[in-house]
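# Architecture at a glance
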Amino acid sequence: MALKPNSADGRTRSWVQIFIVFGLCCFFYILGAWQRSGFGKGDSIALEITKHGADCAIIPSLNFETHHAGEVGNVGESEKIKSFQPCPPRYVDYTPCQDQKRAMTFPRDNMIYRERHCPREEEKLHCLVPAPKGYVTPFPWPKSRDYVPYANAPYKALTVEKAIQNWIQYEGNVFRFPGGGTQFPQGADKYIDQLAAVIPITNGTVRTALDTGCGVASWGAYLWSRNVLTMSFAPRDSHEAQVQFALERGVPAVIGVLGTIKMPYPSRAFDMAHCSRCLIPWGANDGMYLKEVDRVLRPGGYWVLSGPPINWRNNYKAWQRPKEELEEEQQKIEDVAKLLCWEKKHEKGEIAIWQKRVNDESCRGREDDSQAKFCKAEEANDVWYKKMDVCVTPYPDVSSSSEVAGGELKPFPERLFAVPPRIASGSVPGVSVETYEEDNNIWKKHVNAYKKINRLIDSGRYRNILDMNAGLGGFAAALNSPKLWVMNVMPTIAEKDTLGVIYERGLIGIYHDWCEAFSTYPRTYDLIHAHGLFSLYKDKCNLEDILLEMDRILRPEGAVIFRDEVDVLIKVKKITAGMRWDTKMVDHEDGPLVPEKVLVAVKQYWTIGGNTTSAQ
């Protein structure tokens, strides 16, 4: 006789099987979510940081305010941390790649000696560049346009040399900048009014400008109130501290010169270029320098030349130069401008203005000109340490005589978030309209998170800002404000060259290799942003050298925001512990399980001769 099955046992086994299946489903779901999150790259480090919640919360304990003095706290997080000592006082204004002593060993022809000549690896300093005694935080904009604390750049040569030209005046403990220049002693505003009678400066058509041989950059300083963002450059100490004064004023500027190397800007970048008695021999070397300006000038852009040789007939005696020499110089400029197919729009007094054609359709005749040697189109943005050539950069192709070569830009500020023509045309591999718009949304989110961490952002405290790995310019666009400007750096080793896109958005930037020093003075930037930079350079050069360069160009009590993989930031944090920086690690805004973290830092205040230094 068969046994009757036990129904209770059957039900128990069924519930056990269901429980096991449910448990396995949950396990594999959690495993899949873990894999999709990316958690697992440096996950043990992330867990360790997350456990110590004090280091990963919003950080009221990190002080961003300025004090202008104070003791350096004990950074002894570990016995093994390397401590960096102050450099000797003679390095207070050290610019490694434009060092005067090294420069004099190079030829003076074509300004070669004033170009970038960086120290060899064994010559690099491994110390902290000090601030001058009495250094203070610069005045907020717009007061900084007109006043710079004497202690920050204690050099009076220009107050004597340029006294009658209204460049700069010394008034007790400050320098005052009346807004004058060699060609505009009545002030930059009146000079700009003259230009605006010909060039559409006020309606957003002209947004980016280039000032060659900028002096103390008063032209760029006064264009700011008209919503024009100017990249100014001049040689290192051609006149004492000129670029340093520009940066102390809160005006975008770099150390640079037109010599033999291409300018570190992309093609079709600037809406306007300017030379006011900048002493560049524009007609020399078969017009090489004008052809380089043409490369970076947008189709339809303007070139302004004021001063010699313009109006030479009336001024040759005052300039103490033979009129035949000046006549020949101007004729050479006219000939090169004709070859470039620029249209002369204006000449009155000592100001001449040309406009670049919007495309090549009206310049077909120059193809038969024996002087019209054309560059390779693919080399238009290949500029880093590349020699200038006497060739003409070709326009992008157009389908009609009225089309703007490379694409027409919207007026600013609309162009800031409009789709840039280089993306719309698909000329940036791997970047679509969708990825561009997604990038904008991501950076708006990131910047909102930064403002919660550091409430001084966009308060006027940070004027000069540096983005060391700018991508599509999303950080600068999300941060856009009349109180600040951002220098967007495109690393020369970046996978994609998007600096042209950044300019099409109405922003400015520069190519640079962070294995070398930046072309600027110490204490240039109030806030530095480094997204993915140390992952990018992890196997390229010494991370310690990059951090020491960041310290050189960061103002005392300036802030730094690092965004990178957590394992990279742990290494960065360890190095900065010996650099007189206060740091805190913060979770990604999406939570602690995201392996990308944010490391925020504040550089401590210390100067030469203070009790926190060991000046030699």
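Quick look at the structure, then. (Residues numbered from 1 in each chain as written. Predicted model: local features only at pLDDT ≥ 70, side-chain atom pairs only at ≥ 80, totals over all residues. Heavy atoms only, no water.)

## Observations regarding the overall build of the chain
The test is simple: Only runs of H or I of at least four residues qualify as helices and only runs of E of at least two qualify as strands under DSSP, and these elements are numbered from the N terminus. Throughout, exposure labels follow a simple rule: accessible area from a 1.4 Å probe, protein chains only, divided by the maximum for the residue type, with under 20% read as buried, over 50% as exposed, and the rest as partly exposed. Residue contacts are defined here by distance: any two heavy atoms, one from each residue, within 4.5 Å place the two residues in contact. For the area figures, the Shrake-Rupley method with a 1.4 Å probe applies, and any residue is considered shielded solely by the protein chains shown.
On a plain count of helices and strands, the chain comes out with 18 helices and 17 strands. Per-residue burial for the chain yields a buried fraction of 55% across its 616 residues. In the chain, once contacts between residues fewer than 6 apart in sequence are set aside, the share between residues at least 24 apart is 70%. If you sum the accessible surface of the chain, you get close to 27,200 Å²; carbon and sulfur atoms cover 53% of it.

## What about the nonpolar core?
To keep things clear, this is the line we draw: Among buried residues, those of type Ala, Val, Leu, Ile, Met, Phe, Trp, Tyr and Cys that are joined through side-chain atoms within 4.5 Å constitute a nonpolar core. Source of the domain bounds: an automatic or database domain assignment.
Within the largest apolar cluster, 134 residues are counted, with the highest numbers of intra-cluster contacts made by Y265, W282, F534 and F562. When residues of this core are sorted by domain, at least three fall in each of domain 1 (188-362 + 369-379) and domain 2 (430-603). Those residues within four positions of W282 in sequence are excluded, and the remaining contacts are T212, L258, C275, G287, Y289, L290, V293, W303, L305 and I333.

## Some words on helix 11 (residues 323-339)
Put simply, the rule is: Expected helix span is given by 1.5 Å per residue-to-residue step, counting one fewer step than there are residues.
With 17 residues, helix 11 extends 24 Å from end C-alpha to end C-alpha; this agrees with the ideal 24 Å at 1.5 Å per step. For helix 11, the set of buried residues is L326, Q330, I333, V336, A337 and L339. In this structure, the buried residues of helix 11 make contact with helix 9 (284-296), strand 8 (297-306), helix 10 (312-315), strand 9 (342-348) and strand 10 (351-356).

## So, unusual backbone geometry
A cis amide bond links P308 to the next residue, P309, at an omega of 5°. Looking at where P309 falls in the secondary structure, it is placed in the loop between strand 8 and helix 10. Cis geometry marks the peptide bond from F412 to P413, where omega comes out at 10°. Residue position: P413 is located in the loop between strand 10 and helix 12 (421-424). Even without glycine at this site, L279 takes up a positive phi of about 65°. Its place among the elements puts L279 in the loop between strand 7 (270-276) and helix 9. Here L279 falls in the exposed class, since its relative accessible area comes to 75%. Notably, R523 is not glycine yet its phi reads approximately 60°, a positive angle. Note that R523 resides in the loop between strand 13 (508-512) and strand 14 (525-531).

## Some remarks on the packing of aromatic side chains
In plain terms, the rule: Aromatic contacts are taken between Phe, Tyr and Trp rings whose centres are within 6.5 Å, Trp giving its six-membered ring; a plane angle under 30 degrees counts as stacked, one over 60 as edge-to-face, and the others as tilted. The criterion for a charge sitting over a ring is simple: Lys NZ or Arg CZ within 6 Å of the ring centre, and within 35 degrees of the ring normal.
In this structure the tally under the stated criterion is 21 aromatic pairs. Seen from their ring centres, Y150 and Y170 are 5.1 Å apart, and the 55° between their planes marks the pair as tilted. You can see Y150 sitting in the loop between strand 1 (147-149) and helix 5 (157-161) and its partner Y170 sitting in strand 2 (residues 169-171), a full 20 residues away along the chain. For Y150, a relative accessible area of 24% gives the class partly exposed. Overall, the relative accessible area of 34% leaves Y170 in the partly exposed class. Feature note: the residues Y150, Y170, F175, F177 and F245 constitute an aromatic cluster, connected by ring pairs. The ring centre of Y222 lies 3.9 Å from the NZ or CZ of R145, which sits over that ring. Between K444 and the ring centre of F417, over which it is positioned, the NZ or CZ distance is 4.6 Å.

## Regarding the sheet that holds strand 9
Counted only if it meets this: Any two strands with at least two DSSP bridges between them are considered paired. Axis definition: a line fit to C-alpha positions, over the contact stretch in the case of helices; interaxial angles, taken between N-to-C directions, run 0 to 180 degrees.
Across the sheet, seven strands lie side by side as 6-5-4-7-8-10-9; this open sheet has mixed pairing. With one partner strand each, in any of the chains shown, strand 6 (253-255) and strand 9 form the two edges of the open sheet. Along the sheet, successive strands turn relative to each other by an average axial angle of 20°, direction set aside. Bridging between strand 9 and strand 10 involves six bridges; their strand directions are antiparallel. Each bridged residue has a counterpart across the sheet, and for E343 the counterpart in strand 10 is Q355.

## Some thoughts on the packing of helix 17 (residues 543-553) against helix 18 (residues 566-576)
Let me state the cut-off plainly: Roughly parallel means an angle under 35 degrees; roughly antiparallel means over 145; roughly perpendicular covers 65 to 115; every other angle is labelled oblique. By convention the crossing between two helices is left-handed if the near helix lies anticlockwise of the far one by an angle smaller than a right angle, and right-handed if it lies clockwise.
Contact geometry for helix 17 and helix 18: axes closest at 10 Å, N-to-C directions at 60°. Regarding the angle of helix 17 to helix 18, the classification is oblique. Where helix 17 crosses over helix 18, the two elements pack in a sense that is right-handed. Across the interface between the two elements, L543, E544 and L547 of helix 17 pack against V572, I575 and T576 of helix 18.

## Some details on the sheet that holds strand 2
Strand order in the open sheet made by the three strands is 1-3-2, with antiparallel pairing throughout. Both edges of this open sheet fall to strand 1 and strand 2, since each of them pairs with a single strand only. Geometrically, the sheet is characterised by an average inter-axis angle of 30° between neighbouring strands, direction not taken into account. Sheet analysis places strand 2 next to strand 3 (residues 174-176), joined by three bridges and oriented antiparallel. The partner of Q169 across the bridge, within strand 3, is R176.

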